[in-house]
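This is what each chain is made of:
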Amino acid sequence: NERLGERLPPSLKFRLKCAGNDALHTLGRLRQGARAREHQATDTRLGARVKYRSSGPFVLVVDDSLPRPDRDAGSARMVAILEALAEWSRPLFVYLSKHEWPEYERPLWDAGVETARAVNLRWLMRERSFYAAVLSRPETAEAVIGEVRRADPRIKIVFDMVDAHFVRFGREHELTGDAEAARKAERFRKIETRVARRSDLVWCASDADAESLSREVPGVPLEVVPTIHRLRDRGQPFEERSGLLFLGNFRHRPNADAVHFFVREIFPAVRAAVPEAMLSVVGDEAPPDIRAHESESVKILGYVPDLGPLFAGSRLMVAPLRFGAGIKGKIGEALAHGLPVVTTGVGAEGMGFTHGEEALVADDPREFAQAVVRAYTDAALWQRLSDKGHAHVRRRFTPEVVGRVVNESLRSLGGEAERPHAARGTKRQV
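Cut-offs applied
- Residues numbered from 1 in each chain as written.
- Predicted model: local features only at pLDDT ≥ 70, side-chain atom pairs only at ≥ 80, totals over all residues.
- Heavy atoms only, no water.
- Buried < 20%, exposed > 50% of the residue type's maximum accessible area, 1.4 Å probe, protein only.
- Helix = DSSP H or I, 4+ residues; strand = E, 2+ residues; numbered from the N terminus.
- Expected span 1.5 Å × (residues − 1).
- Bend = angle between axes of the 7 residues up to and from the residue.
- Contact = heavy atoms within 4.5 Å.
- Axes fitted to C-alpha atoms, helices over the stretch in contact; angles between N-to-C directions.
- Parallel < 35°, antiparallel > 145°, perpendicular 65-115°, else oblique.
- Nonpolar A, V, L, I, M, F, W, Y, C, P; charged D, E, K, R; others polar.
- Pairing = 2+ DSSP bridges.
- Right-handed = clockwise from strand over helix to strand, strands pointing away.

**Some details on helix α13 (residues 329-336)**
With eight of eight residues buried, α13 is to be regarded as a mostly interior element. For α13, the complete set of buried residues consists of G329, K330, I331, G332, E333, A334, L335 and A336. A positive backbone phi angle near 80° is found at G338, which sits one or two residues after α13.

Here it is, written out as structure tokens:
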């Protein structure tokens, strides 16, 4: 029960969640002496060898669940952050969820990242001296920050907001008048400001999020760590492409609203001007009201494991987001493939776009439809958007660029050289 859960102290919720999800599973692992999936070549239970980094400080990273980068932008960002940390440190990723997905865990091991369940966090904090802890998402951060601070008062704590939840829900309330969104906005404002005050550094996904948080908590050190995108093959030329693409996980409420907004208020005008235009909607866990939009011109594809052909063959990405926060991973990923984007002011937030150069930006439904028609039918405009959008990702959002921000911001906290790099109480990697 969500409301009952909100009344419980975060530390108690954390312990209850660990106990309920992991008690029997973890008991068996503890009996085997397997408190974490370590970098140990002789551990045949792993089924694959994990790359071992023999030097560098331990860095703890805690999130709600294992990242699944093919399903949501936040997961893709987390994987890129972990890979960046593995360049100089020994990251240990701890997740609270009961779900295990070996197919998502093995790539982390191959990248030099250890993984462990949250029930083992206290033991791990006793056994190792961590240089820093990155606590991702507000509820996860509030649940574990006390445990981490008690275990090691010297540890440097980074609160990774992912996006400013209080901003996102506040915007939803302003747009829809939904009372539940207003309640969540206030709840997350309290959580996020409380955790920010207890942290040594806050990672925000956009400049706008950083400005919103700094107004709430003046003086808290902030760093912008946006979504991270590898440059991809740019796919087919303009004349060989067709169709519009929308991408978004439907557990994220702004995505469902964006599809309704586009299909009901924008797409009819697009079809009137370009009758052959088709819309493909891709996203995990599409609810019935989204599937109800299925028609001859609208295809609800659900989860698509390989998005490469869609990025390569679609003519435009549409991202008509009306509320949200942070940086929108779907937009960065489209540009990384050379796929031009038409979006709103909310969608463009934090991307540093110039309208008409890296993307087209419009909030009014009529103007949005006109922008889609222009980019869909004007080959020269399409090519300019493709070229400049791709170059924009190269300058600002690649793993090399953002990974440098991740690593330098952690190192700037100081004290790395003073912290022991070996496990406490033992030199053996258990």
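**Side note on helix α10 (residues 253-273)**
Over its 21 residues, α10 runs 30 Å from end to end, which matches the ideal 30 Å to within 8%, given 1.5 Å per residue. Maximum bend of α10: about 50°, positioned at I266, with proline P268 one to four residues after it.

**Concerning the environment of L279**
For L279, the location among the structural elements is in strand β9 (residues 279-282). Contact partners of L279, with chain neighbours within four places excluded, come to L244, L245, F246, F262, V263, F267, S297, V298, K299 and V318.

**Some points on the packing of helix α15 (residues 365-377) against helix α16 (residues 379-396)**
Interaxial distance between α15 and α16 falls to 5 Å at its minimum, and their mutual angle equals 95°. The angle between α15 and α16 places the two elements in the roughly perpendicular class. Contacts from R374, A375 and T377 in α15 reach A379, L381, W382 and L385 in α16. Its residues placed into classes, the contact of α15 with α16 shows five nonpolar, one polar and one charged.

**Some words on the sheet that holds strand β7 (residues 222-224)**
Pairing is parallel across the open sheet formed by seven strands, whose spatial order is β3-β2-β1-β4-β5-β6-β7. In this open sheet, the two strands that pair with only one neighbour each are β3 (114-117) and β7. Taken over all neighbouring pairs, the strand axes of this sheet differ in orientation by 25° on average, direction set aside. The pairing of strand β6 (residues 201-204) with β7 spans three bridges and is parallel. Of the residues in β7, the one forming a bridge with C204 is V224.

**Things to note about the pairing of β9**
Within a regular beta strand, the side chains point alternately toward one face of the sheet and then the other, so they alternate between its two faces. Burial along β9 is two-sided: the residues L279 and V281 and S280 and V282 are all buried. Judged from the four bridges that link them, strand β8 (residues 244-247) and β9 form a sheet pairing that is parallel. Each bridged residue has a counterpart across the sheet, and for L247 the counterpart in β9 is V282. Note that the unit made of β8, α10 and β9 has a crossover that is right-handed.

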